[in-house]
Amino acid sequence: GESVGLHLPTLSVQEGDNSIINCAYSNSASDYFIWYKQESGKGPQFIIDIRSNMDKRQGQRVTVLLNKTVKHLSLQIAATQPGDSAVYFCAENSGYSTLTFGKGTMLLVSP
Amino acid sequence: DTAVSQTPKYLVTQMGNDKSIKCEQNLGHDTMYWYKQDSKKFLKIMFSYNNKELIINETVPNRFSPKSPDKAHLNLHINSLELGDSAVYFCASSQGVDPYEQYFGPGTRLTVT
């Protein structure tokens, strides 16, 4: 399958659990952060974003937390569903019209 | 009513050939991008165009030449293909030059043999 040989960090959860995916970013001057979800064979899809003047933002079943002190971003997914299985990327605004993407975390949700 | 579309979805070709990938967006955005995703899923910006003008070129070999005939299209032409060019190429678009929410196409899987 597509995951063979990828060696992405993987988070395995049971359906109904809450999931937390973490991301460390590199540029302390970044002022905008975004989480994307990429399902197998598809392009990245926007989940939620946050600006550096906030430390928390909530969407539908998702929450993003930003800790600028330690340059850490997390994505929390409540009541994880099998359809949430995908690779999740964080990205930061690293300059003019540029998003720098993190390495990705694979989320596997078992029924 | 696809927002960002790319053709072809799959492209298999031999080393040394020249190929093009096309991208179109119907979102009315004025900024478009090309990204390369390698076998480890690492996603990296290649080019960014705003109103048909190149604004970002992230040290991509000059065998890669983007062309934007209008704001809704950004095509990628690759000359003298190499094995290392094998990857999935994504087109994306956004409104304005600030890298806010970018909408991605479905990707083109390029395999060079």
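Residues numbered from 1 in each chain as written. Chains lettered and ligands numbered in written order. Predicted model: local features only at pLDDT ≥ 70, side-chain atom pairs only at ≥ 80, totals over all residues. Heavy atoms only, no water.

## Focus: the state of the cysteines
Okay, step 1: Using the criterion set out here, one finds 2 disulfides over all chains in the structure.
Okay, step 2: Linked covalently through their sulfurs, A:Cys23 and A:Cys90 form a disulfide whose S-S length is 1.6 Å. Of this pair, A:Cys23 sits in strand β2 (residues 19–24) while A:Cys90 sits in strand β8 (residues 86–95), and the two are 67 residues apart along the sequence.
Okay, step 3: Residue classification places A:Cys90 among the buried residues on the basis of a relative accessible area of 8%.
Okay, step 4: Note on cysteine connectivity: B:Cys23 is disulfide-linked to B:Cys91, with sulfurs 1.9 Å apart. The sign of the -75° torsion about the S-S bond sets the B:Cys23-B:Cys91 disulfide as left-handed. (Disulfide = S-S within 2.5 Å. Helix = DSSP H or I, 4+ residues; strand = E, 2+ residues; numbered from the N terminus. Buried < 20%, exposed > 50% of the residue type's maximum accessible area, 1.4 Å probe, protein only.)

## What about the packing of aromatic side chains?
Residues and elements named next belong to chain A.
Okay, step 1: In the structure shown here, the tally under the stated rule is 10 aromatic pairs over all chains.
Okay, step 2: An angle of 40° between the planes, with centres 5.6 Å apart, marks the rings of Tyr36 and Phe101 as tilted. You can see Tyr36 sitting in strand β3 (residues 32–38) and its partner Phe101 sitting in strand β9 (residues 98–101), a full 65 residues away along the chain.
Okay, step 3: On the accessibility criterion, Tyr36 (0% relative accessible area) is buried. (Phe/Tyr/Trp six-rings, centres within 6.5 Å; stacked < 30°, edge-to-face > 60°.)

## With respect to unusual backbone geometry
Okay, step 1: Going from B:Thr7 to B:Pro8, the amide bond is cis rather than trans, its omega being -5°.
Okay, step 2: Topologically, B:Pro8 is positioned in the loop between β1 (4–7) and β2 (10–13).
Okay, step 3: In this structure, A:Ala79 is a non-glycine residue whose phi angle is positive, near 50°.
Okay, step 4: Checked against the element boundaries, A:Ala79 lands in the loop between β7 (72–77) and β8.
Okay, step 5: Even without being glycine, B:Ser80 reaches a positive phi, approximately 45°.
Okay, step 6: Structurally, B:Ser80 can be placed in the loop between β8 (73–78) and β9 (87–94).
Okay, step 7: On the basis of relative accessibility, which here comes to 38%, the residue B:Ser80 falls in the partly exposed class.

## Let's talk about the interface of chain B and chain A
Okay, step 1: Across the contact, 24 residues belong to chain B and 22 residues belong to chain A.
Okay, step 2: Buried surface at the junction of chain B and chain A, both sides included, amounts to about 2000 Å², of which 59% is carbon and sulfur.
Okay, step 3: Joining chain B to chain A, the criterion identifies 0 salt bridges.
Okay, step 4: When residues of the side of chain B that touches chain A are traced back to their parent elements, those giving at least two are β4 (31–37), β5 (43–50) and β6 (53–57) of chain B.
Okay, step 5: Take the side of chain B that touches chain A: its biggest share by element is 4 residues, from β4(B).
Okay, step 6: Across the side of chain B that touches chain A, the residue classes tally to 13 nonpolar, 6 polar and 5 charged. (Contact = heavy atoms within 4.5 Å. Buried area = accessible area lost by both parts, 1.4 Å probe. Salt bridge = Lys/Arg side-chain N within 4 Å of Asp/Glu carboxyl O. Nonpolar A, V, L, I, M, F, W, Y, C, P; charged D, E, K, R; others polar.)

## Some points on the sheet that holds strand β7 (residues 64–70) of chain B
Strand-to-strand pairing in sheets goes through backbone hydrogen bonds, with the strands running parallel or antiparallel.
Residues and elements named next belong to chain B.
Okay, step 1: Strands sit in the order β1-β3-β8-β7 across an open sheet of 4 strands; the sheet is antiparallel. Two strands in the sheet have a free side with no partner beyond their single neighbour: β1 and β7. Shown here is a sheet whose adjacent strand axes are inclined to one another by a mean of 20°, direction ignored.
Okay, step 2: Bridge count between β1 and strand β3 (residues 19–25): 4 bridges; the pairing is antiparallel. Its bridge partner lying in β3, Thr7 is registered against Lys22. (Pairing = 2+ DSSP bridges. Axes fitted to C-alpha atoms, helices over the stretch in contact; angles between N-to-C directions.)

## Describing the pairing of strand β11 (residues 108–112) of chain B
Residues and elements named next belong to chain B.
Okay, step 1: Of the two faces of β11, the one lined by Thr108, Leu110 and Val112 is fully buried and the one lined by Arg109 and Thr111 carries no buried residue.
Okay, step 2: Where β2 lies against β11, 4 bridges are found, and the strand directions are parallel. Looking across to β11, one finds that Leu11 is bridged to Leu110.

## Overview of the sheet that holds β2(A)
All names here are of chain A.
Okay, step 1: With respect to topology, 4 strands assemble into an open sheet ordered β2-β7-β6-β5, the strand pairing being antiparallel. The strands lining the two open edges of the sheet, one partner per strand, are β2 and β5 (56–58). On average, each strand axis in the sheet is tilted by 15° relative to the strand beside it, whichever way the strands run.
Okay, step 2: As judged from the 3 bridges shared by β5 and strand β6 (residues 62–67), these two strands associate in the antiparallel manner. Within β6, the position partnered with Lys56 by the bridge is Leu65.

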